[in-house]
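Listed below are the residues making up each chain.
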Amino acid sequence: MKAAIFIVGDCVISPLGMGSTLNFEKLLAGETAVAPLDDTTLADHRIHAARIADHQWVGKIQNASKYTRLETLFILAIQNLIDTYGIPVDRRTLVILSTTKGNVSLLHNPAARFPESRVYLSEMAHEIQHYFGFENQPITISNACISGALALSVARQLLQSSDAYEHVLVVGGDEISKFIVSGFEAFQALSDGRCRPFDRDRNGLNLGEAVAAAYVTKNPTDDAVCIRAAGSFNDANHISGPSRTGEGLYRSIREAMRLAGEPALDFISAHGTATVYNDEMEAIALHRCGLSAIPLHSLKAYYGHTLGASGLLETILGIHSLRAGQLIPSLGFQHPGTSKPLNVITQPIARPMSRFLKTASGFGGCNIALIFEKV
Amino acid sequence: MDASPSYIQSYCTIRDRSIVLNGTIFLKMDIATPLADFLKSAYRQLDIDYPKFHKMDSLCKAIFIATELMARHSGPYASDTALIFSNRSSSYLSDNKHATGIFDTENQTASPATFVYTLPNIALGEISIRHQLHSENVFFIFDRYLPEFLVPYTEAALDDKQIEHAIGGWTEISEHTCDLLLYHIGKLGSIPHTVAKLKRIYNEHE
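In this text, all values refer to a predicted model and were calculated from it rather than measured experimentally.

On to the overall build of chain A. Helices and strands together make up the secondary structure of chain A, namely 9 helices and 15 strands. Computed over C-alpha atoms, the radius of gyration of chain A comes to 19 Å, within 12% of the 21 Å expected from 2.2 N^0.38 for 375 residues, which places it in the range of a compact globule. Structurally, chain A occupies a C-alpha span of about 55 × 50 × 40 Å along its principal axes. Taking all 375 residues of chain A together, 61% fall into the buried category. In chain A, of all internal contacts separated by at least 6 residues, the share reaching a separation of at least 24 is 78%.

What follows deals with the overall build of chain B. Per the secondary structure count, chain B includes 7 helices and 8 strands. For a compact globule of 206 residues, the expected C-alpha radius of gyration is about 17 Å, and chain B comes in at 17 Å, within 12% of that figure. Taken along the three principal axes of its C-alpha coordinates, chain B extends 60 × 35 × 35 Å. Residues classed as buried in chain B amount to 49% of the 206 residues present.

This next bit is on the pairing of strand β7 (residues 167–174) of chain A. Residue and element names in this part refer to chain A. Among the 8 residues that make up β7, 8 are buried, leaving the element largely enclosed by the rest of the structure. What you see with β7 is no split at all: His-167, Leu-169, Val-171 and Gly-173 on one side and Val-168, Val-170, Gly-172 and Asp-174 on the other are buried throughout. Here 6 bridges tie strand β5 (residues 93–98) to β7, and the two strands are oriented parallel to one another. When the sheet's bridge partners are listed, Ser-98 is paired in β7 with Gly-172. Examined bridge by bridge, β7 and strand β9 (residues 210–217) share 8 bridges and lie antiparallel to one another. Paired with Leu-169 across the strands is Tyr-215, a residue of β9.

This paragraph deals with the interface of chain A and chain B. At the interface, 40 residues of chain A touch 41 residues of chain B. Broken down by secondary-structure element, the contributors of at least two residues to the side of chain A that touches chain B are α3 (121–132), β6 (139–141), α4 (147–161), α5 (178–186) and α6 (247–259) of chain A. Looking at which element gives the most residues to the side of chain A that touches chain B, the answer is α5(A), with 6 residues. In terms of residue class, the side of chain A that touches chain B is built from 18 nonpolar, 19 polar and 3 charged.

A few words now on the sheet that holds strand β8 (residues 207–208) of chain A. Think of a sheet as strands paired side by side through backbone hydrogen bonds, with each pair either parallel or antiparallel. Residue and element names in this part refer to chain A. Taken in spatial order, the 3 strands line up as β3-β4-β8 in an open sheet, and their pairing is mixed. Lying at the two open borders of the sheet, with one neighbouring strand each, are β3 (35–37) and β8. One ladder, built from 3 bridges, connects β3 with strand β4 (residues 47–50); its direction is antiparallel. Opposite Ala-35, over in β4, you have Ala-49 as the bridge partner.

In this model, B:Gly75 is joined to B:Pro76 through a cis peptide bond whose omega is -5°. Among the structural elements, B:Pro76 can be located in the loop between α2 (58–74) and β4 (82–87). Phi is positive for A:Ala236, close to 50°, though the residue is something other than glycine. In this fold, A:Ala236 is placed in the loop between β10 (225–231) and α6. Given 20 C-beta atoms within a 10 Å radius, A:Ala236 is considered buried. One non-glycine residue, A:Glu262, lies in positive phi territory at about 50°. Topologically, A:Glu262 is positioned in the loop between α6 and β11 (267–269).

What follows is about the pairing of strand β3 (residues 24–28) of chain B. Each regular strand carries side chains that alternate between the two faces of the sheet. All names here are of chain B. As defined by bridge partners, strand β2 (residues 18–21) adjoins β3 across 4 bridges and the pair is classed as antiparallel. Looking across to β3, one finds that Leu-21 is bridged to Thr-24. Linkage of β2 to β3, two consecutive antiparallel strands, is achieved through a turn of 2 residues, within which Asn-22 is found at a positive phi near 50°.

Further remarks concern helix α2 (residues 69–85) of chain A. Note that an α-helix has 3.6 residues per turn; residues three or four places apart therefore point the same way. All names here are of chain A. Across its 17 residues, α2 extends 25 Å between first and last C-alpha, which sits within 8% of the 24 Å expected from 1.5 Å per residue. Looking only at α2, the buried set comprises Leu-70, Glu-71, Thr-72, Leu-73, Phe-74, Ile-75, Ala-77, Ile-78, Asn-80 and Leu-81. For α2, the elements touching its buried residues are β1 (6–14), β5, α3, β7 and β9. Gly-86 sits one or two residues past α2 and shows a positive phi near 60°.

Our focus in this paragraph is the nonpolar core. Ranked by size, the top nonpolar core spans 188 residues in total, and within it A:Ile96, A:Val170 and A:Ala213 carry the most contacts. Take this core: its biggest share by element is 9 residues, from α2(B). Looking at this core, you find at least three residues from each of domain 1 (6–217) and domain 2 (225–374) of chain A. Contacts of A:Val170, omitting those with residues within four sequence positions, involve A:Ile96, A:Ser98, A:Ala151, A:Leu152, A:Ala155, A:Ala213, A:Ala214, A:Val216 and A:Leu312.

With that settled, the discussion passes to the domain arrangement of chain A. All names here are of chain A. Domains assigned within chain A are domain 1 (6–217) and domain 2 (225–374). With centres defined by C-alpha atoms, the gap from domain 1 to domain 2 works out at 20 Å. Each partner contributes to the interface: domain 1 provides 56 residues, whereas domain 2 provides 55 residues. Those elements that place two or more of their residues in the side of domain 1 that touches domain 2 are β1, α1 (20–28), β4, α4, β7, β8 and β9. Here the side of domain 1 that touches domain 2 takes 8 residues from α4, the largest share from any one element. Broken down by class, the residue content of the side of domain 1 that touches domain 2 amounts to 28 nonpolar, 18 polar and 10 charged.

Any region with low pLDDT has predicted coordinates that should not be read closely. When pLDDT is averaged across chain B, the result is 96; 97% of the residues are at 70 or more. Two summary scores accompany this predicted model of the complex, namely pTM at 0.98 and ipTM at 0.97.

Moving on: the environment of B:Glu136. Along the polypeptide, B:Glu136 turns up in the loop between α5 (122–131) and β5 (137–141). In contact with B:Glu136, other than residues within four places in its own chain, are A:Ser232, A:Phe233, B:Ala82 and B:Lys161.

Moving on, we come to the environment of A:Ile349. Residues and elements named next belong to chain A. Position of Ile-349 relative to the elements: it lies in the loop between β13 (343–344) and β14 (355–362). Taking the C-beta count within 10 Å as the criterion, Ile-349 has 13 such neighbours and is therefore assigned partly exposed. Sequence separation between Ile-349 and Gly-337 is 12 residues; the distance between their C-alpha atoms is 22 Å.

Basis of the calculations
- Sequence order as written defines residue numbering, which begins from 1 separately in each chain.
- Written order decides the labels, with chains lettered from A and ligands numbered from 1.
- For this predicted model, a pLDDT threshold of at least 70 governs which residues receive local features, and a threshold of 80 or more governs which side-chain atom pairs are given and counted, while totals over whole chains, interfaces and linings are taken from all residues.
- Helix and strand assignments follow DSSP, with helices taken as H or I runs no shorter than four residues and strands as E runs no shorter than two, numbered in order from the N terminus.
- For the radius of gyration, the atoms used are the C-alpha atoms, and the globule rule reads 2.2 Å times the number of residues raised to 0.38.
- We call a residue exposed when 12 or fewer other C-beta atoms sit within 10 Å of its C-beta, buried when the count reaches 20 or more, and partly exposed for counts in between; the C-beta positions come from the backbone.
- C-beta atoms are first placed from the backbone for all residues, and any pair lying within 7 Å is then listed as a contact.
- In short, DSSP must find at least two bridges between two strands for them to pair.
- Under the scheme applied here, ten amino acids are nonpolar (Ala, Val, Leu, Ile, Met, Phe, Trp, Tyr, Cys and Pro), four are charged (Asp, Glu, Lys and Arg), and all others, including Gly, are polar.
- A helix is expected to span 1.5 Å multiplied by its residue count minus one.
- We call a set of buried Ala, Val, Leu, Ile, Met, Phe, Trp, Tyr and Cys residues a nonpolar core when their C-beta atoms link them within 7 Å.
- The domain boundaries here were taken from an automatic or database domain assignment.
- One confidence number per residue, pLDDT, is output by the predictor and ranges from 0 to 100.

Put into structure tokens, the structure is as follows:
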């Protein structure tokens, strides 16, 4: 029997503010971080995105000028976990970083004030390690849009298979850059307004930025949440389009449900990017799993798609939802818009809850499903 | 103690301008050959018809060639073969190409065909399609090949998921250089899947 692994602490830095409780309260109040953005360093026209305002972090770390904007956000989140939970900075502590593109905003950017070597994720990890003086080299995961959720699964497996670590800090983050905006635009994947996950009139995603961090350990606290099970499977179908049958996501959910003993779910925190094909694929996969009736939300209309942070960010808010016994509505949904019906949450309903399913899917055909349960 | 419950079924290294499968040279070209030409020659020598190969970036091409060669020796791969890869530069070659296009003052361009390759795990998607692998993928970024992490991680992944096979290793590519070691892991065999053995294999490529 493998040891149970728990999330016992968290930190969120988003455009809605710093701290996961604050973020949760703002979601229940219906606040969204997605707004029109006119910034010629990102695009030559207006986009709708969720960007962290610089005043939220400027001047809050030591030797701030030595660190890039994204490194600063990573450092702030890790510092917050260390301070809040009294986590030792020694060989028992491991940091897992999750990001799709790291400091890529520096690449060939005439406005960049850091050497281009900082584009390498291993350099970024090195800077973060040495800011705190961690003995262990951070483990960096870059696996498209499932990176954040996958990092939780990797943390769980590392803690279960080895006694080398007691404390694992899983930290995910990405920032909005011209690099990312232009790429998603080339795919015609950006919405012309605030995104509408699972809605009939959805027409693309919003990009967002956030850093989300989870403190993962074998030692539960009173309000800990257990990472019960994980499943992750590739579609083996297409590198940039979701599978029409939802095959990889279907297998991922089935595996997680099987490993968890087919438990009753209180809600599903879906990926729900609000692109036509992604949301349709998710509806099909959930239908195949017999989970269409479970209350479901996507948080993308609050935060945009925060890429390497998204799986973590949405898991942390799901944990708050579980603890508070309060379902988070899926902002932006009005009319059913998938070939298989879904039970999209439209009201902040209060009810006692025990567990939820988190899913994510990404380029390269990757998918993941995780089940979280109250202790 | 470096005991291991798994064994290396086959392994492939690509370095400088040579490709070695299980210690035997598959292709060796002049060191001055451009990397793109070298990878194209390797594809031709595989003698397969897979037009998607030509759309891939060099990271995907090198990984595609190595997994194709290993499959000839120890394949076909089981569909639940886990993919546990790592490198230093992530998808730098395609990142560089995309960033060059978007900051070009004369003619700003962004192409979906380039952007899709700006994630390292796209290569895992490519080989999953080719070999029909429905399995867990993870792409780690380290500053060097780190069997000290990858070997125990891979063993734990096999144990955790109750599966028998994995493909993993180090796949570092830059504009002119290639430093790749991939291996196919299974439960039976004679070459132990250990840190010491993999360090030896990584260092012995001629």
